[in-house]
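# Inside the fold
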Amino acid sequence: MDVALINAIMKQNHIPIENPWLSGFYMNYYYFGHFILGLFQYLFQIPTAVGYNLAISLFGVWIVQAGYLVAKTLRLGDLQSMLISILMTFGGNLYLLIQILLN
């Protein structure tokens, strides 16, 4: 689905883009993230297969950076900010680790 949206964005000459699955209708608001990725790929002339894989890692980097900036805004030290950033990034996946340690 993601690759189809990015391909549709890169081939269209107007906004809003046409829905790749529902011919004759336009995409709704939820394609904005794909639009940003398609824009980067268009500007730097990156093929979609490569650009999509780069975009997946880019989102991870943005999450880590956002956590670090939130912690720095709270005037914490560098090490504390990095630890909070890592906890914010991977904190949603700690459920399994906690369950293993408790049992």
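The structure presented is a predicted model; accordingly, all values stated were derived computationally and were not measured.

Most peptide bonds take the trans configuration, and most residues that are not glycine carry a negative phi. Across the junction of Ile15 and Pro16, the peptide omega takes the value 0°, indicating a cis bond. As for its position among the elements, Pro16 is in the loop between helix H1 (2-11) and helix H2 (32-43). For Gln45, which is not glycine, the phi dihedral falls at a positive 55°. Here Gln45 is to be found in the loop between H2 and helix H3 (48-73).

This next bit is on the layout of surface pockets. For the largest pocket, the calculated volume is near 170 Å³. At four residues, the largest contribution of residues to the lining of the largest pocket is made by H2. Split by residue class, the lining of the largest pocket holds seven nonpolar, four polar and no charged.

Let us look at the pattern of salt bridges. Summed over all chains, the structure comprises one salt bridge. Between Lys72 and Asp78 there is a salt bridge, and its shortest N-O distance comes to 2.8 Å.

Following the criterion strictly, the structure yields two aromatic pairs and no others. Relative to Phe35, the ring of Phe32 has its centre 6.4 Å away and its plane inclined at 25°; by these criteria the two rings are stacked. You can see Phe32 and its partner Phe35 sitting in helix H2, three residues apart, about one turn around the helix.

Let us look at the environment of Leu74. Here Leu74 is to be found in the loop between H3 and helix H4 (78-90). When the C-alpha atoms of Leu74 and Ser23 are compared, they prove to be 49 Å apart, with 51 residues separating the residues in sequence.

It is at 8 Å that the axes of H3 and H4 come closest, and there the two elements cross at 135°. As judged from the angle between their axes, H3 and H4 are oblique. Handedness of the crossing formed by H3 with H4: right-handed. Along the contact surface, H3 presents Ile63, Val64, Gly67, Tyr68, Ala71 and Lys72, while H4 presents Asp78, Ser81, Met82, Ile84, Ser85, Met88 and Thr89. Classifying every residue of the contact of H3 with H4 by side-chain character gives seven nonpolar, four polar and two charged.

Calculation criteria
Residues numbered from 1 in each chain as written. Predicted model: local features only at pLDDT ≥ 70, side-chain atom pairs only at ≥ 80, totals over all residues. Heavy atoms only, no water. Helix = DSSP H or I, 4+ residues; strand = E, 2+ residues; numbered from the N terminus. 1 Å grid on protein atoms, 1.4 Å probe; cavity = no way out; pocket = protein on both sides within 12 Å on 5 of 7 lines; lining within 4 Å. Points joined across faces, edges and corners; volume = space filled by probe spheres on them. Nonpolar A, V, L, I, M, F, W, Y, C, P; charged D, E, K, R; others polar. Salt bridge = Lys/Arg side-chain N within 4 Å of Asp/Glu carboxyl O. Phe/Tyr/Trp six-rings, centres within 6.5 Å; stacked < 30°, edge-to-face > 60°. Axes fitted to C-alpha atoms, helices over the stretch in contact; angles between N-to-C directions. Parallel < 35°, antiparallel > 145°, perpendicular 65-115°, else oblique. Left-handed = near helix turned anticlockwise from the far one by under 90°. Contact = heavy atoms within 4.5 Å.

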